[in-house]
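# Breakdown of the fold
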Amino acid sequence: MQDVKVWDLFVRLFHASTALVFLLNYFVTEDGSALHSYLGYGLLALLGLRVIWGFIGGYHARFKNFMPTVAGVKEHISAMFFGEKDDHLGHNPLGALMVFNLLGSLALLCTTGILAETDMFWGMKWMEDVHEFLANYVLISVALHLLGVAFETKRSKINLVKAMITGKKNMPLN
C-alpha cells in the first residue's frame, strides 16, 4: 500500500463546509430566518466555486476526469456484485454519480430557497413544499452517500473518510 495524493485542499474544504452548512440549515436554523437565508447564500457561493474548480482545479477535481459512463457504472456494479477488485484513485462511477446528484440537488435547493423569498413566489406554499422536498431529498442522498462510503471502504480496504481528511488515499501497489 502507498499513500497517493488525490483530494486537494479546496475539495476537502468544500466538502466539509458544504456538509456543515447543509446540516446547520437542516437541523439548527429556523426556516425563513435570516441565518437560514445567509447560510443558503453561502452554500450557493460554495457550489459556484466548486463548479469553477471542476474546470480549473486539480486532476481529480475536474469533472471531465470523473464523468461516469454507462459502461463504467455497469463494470463497477458487476465488480461489486462478484467481489472483484475495482480500485479507483479518484471517484468510482457510482461515487461520481453521487457527486453530480448532490451538486445538482443542492443547487436546486438553493434556487428554490431564493425564489421563495422573491416577490413573485413570496408566500406560495408550493414553492416552500418543493424547497422542503429538496432538503429531504438531499438528506436522503447524504445518508446514501455515507452508506456508500462505508460499503466501499469495507470492500476496497481503502479508508475513504481518512482520504477526504488528509487528501491522500492509501492505495494498493500494482
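Now for a quick tour of the structure. (Residues numbered from 1 in each chain as written. Predicted model: local features only at pLDDT ≥ 70, side-chain atom pairs only at ≥ 80, totals over all residues. Heavy atoms only, no water.)

### Some points on unusual backbone geometry
This is how it is decided: Here a strand is any run of E in DSSP of at least two residues, a helix any run of H or I of at least four, and the numbering for each starts at the N terminus.
Its identity is not glycine, yet Lys157 carries a phi of approximately 65°, on the positive side. In this structure, Lys157 sits in the loop between α5 (125–156) and α6 (160–166).

### A few points about the side chain of Thr18
Quick note on the threshold: A simple rule labels every residue: compare its accessible area, found with a 1.4 Å probe on the protein chains alone, to the largest value its type can have, and call it buried under 20%, exposed over 50%, or partly exposed in between. Residue contacts are defined here by distance: any two heavy atoms, one from each residue, within 4.5 Å place the two residues in contact.
Secondary-structure assignment places Thr18 in helix α1 (residues 9–27). Its relative accessible area of 8% is what places Thr18 among the buried residues. Non-local contacts of Thr18, meaning those with residues more than four positions away in its chain, are made with Leu43, Leu46 and Leu106.

### Overview of the pattern of salt bridges
This is how it is decided: The rule for a salt bridge is simple: a side-chain nitrogen of Lys or Arg has to be within 4 Å of a carboxyl oxygen of Asp or Glu.
Enumeration according to the criterion identifies 4 salt bridges in this entry. With a closest N to O distance of 2.7 Å, Lys125 and Asp129 form a salt bridge. Residue Lys125 and its partner Asp129 are located together in helix α5, separated by 4 residues, close to a single helical turn. Classification of Lys125 as exposed rests on a relative accessible area of 55%. Overall, the relative accessible area of 35% leaves Asp129 in the partly exposed class. Salt-bridge contacts for Arg155 lead to Glu152; the nearest nitrogen and oxygen are separated by 2.9 Å. One end of the pair, Arg155, and the other, Glu152, are both in helix α5, 3 residues apart, so they sit about a helical turn from each other.

### Quick look at the layout of surface pockets
To keep things clear, this is the line we draw: Here a cavity is any set of points on a 1 Å grid over the protein atoms alone where a 1.4 Å probe fits but cannot get out, and a pocket is any open set with protein on both sides within 12 Å along at least 5 of 7 lines; a residue lines the site when it has an atom within 4 Å of a point. Grid points are joined across faces, edges and corners, and a volume is the space filled by probe spheres set on the points.
Roughly 1,200 Å³ of volume is contained in the largest pocket. The wall of the largest pocket is formed by 43 residues, among which His15, His91, Val99, His145 and Val149 lie closest to the centre. For the lining of the largest pocket, the secondary structure elements donating two or more residues are α1, α3 (70–82), α4 (93–116), α5 and α6. Top contributing element to the lining of the largest pocket by residue count: α5, with 10 residues. Considered as a void within the structure, the second largest pocket measures approximately 700 Å³ in volume. Around the second largest pocket, the lining comprises 25 residues; the ones closest to its centre are Asp31, Gly32, His36, Gly113 and His131.

### A short note on the packing of aromatic side chains
How two aromatic rings sit relative to each other is set out by the distance from centre to centre and by the angle between their planes. We count it as follows: Classification of ring pairs uses Phe, Tyr and Trp, with its six-membered ring standing for Trp, and accepts pairs whose centres are within 6.5 Å; under 30 degrees between planes counts as stacked, over 60 as edge-to-face, and the remaining range as tilted.
For the coordinates displayed, the defined rule picks out 11 aromatic pairs. Consider the rings of Tyr26 and Phe27, whose centres lie 4.7 Å apart with planes at 65°: the pair is edge-to-face. For Phe27, a relative accessible area of 54% puts it in the exposed group. Relative to Tyr137, the ring of Phe133 lies with its centre 6.4 Å away and its plane at 25°, an arrangement referred to as stacked. Taken together, the residues Phe133 and Tyr137, both in helix α5 and 4 residues apart, mark about one turn of the helix. The exposure class of Phe133 is exposed, given its relative accessible area of 55%. Among the aromatic residues, those joined into a ring-pair cluster are Phe55, Phe63, Phe66 and Phe100.

### Observations regarding the nonpolar core
This is how it is decided: To qualify as a nonpolar core, a set must consist of buried Ala, Val, Leu, Ile, Met, Phe, Trp, Tyr and Cys residues joined through side-chain atoms within 4.5 Å.
Ranked by internal contacts, the top residues of the largest apolar core, which has 20 residues, are Leu43, Leu47, Leu103, Leu106, Leu109 and Val138. Where this core is concerned, the elements lending two or more residues are α1, α2 (34–56), α4 and α5. Looking at which element gives the most residues to this core, the answer is α4, with 8 residues. Among all residues touching Leu47, those that are not within four sequence positions of it are Phe14, Leu103, Leu106, Ala107 and Cys110. Core analysis: the next-biggest nonpolar cluster, separate from the first, contains 6 residues, Val6, Trp7, Val11 and Ala163 among them.

Note that all results are geometric; they support no functional claim without further evidence.
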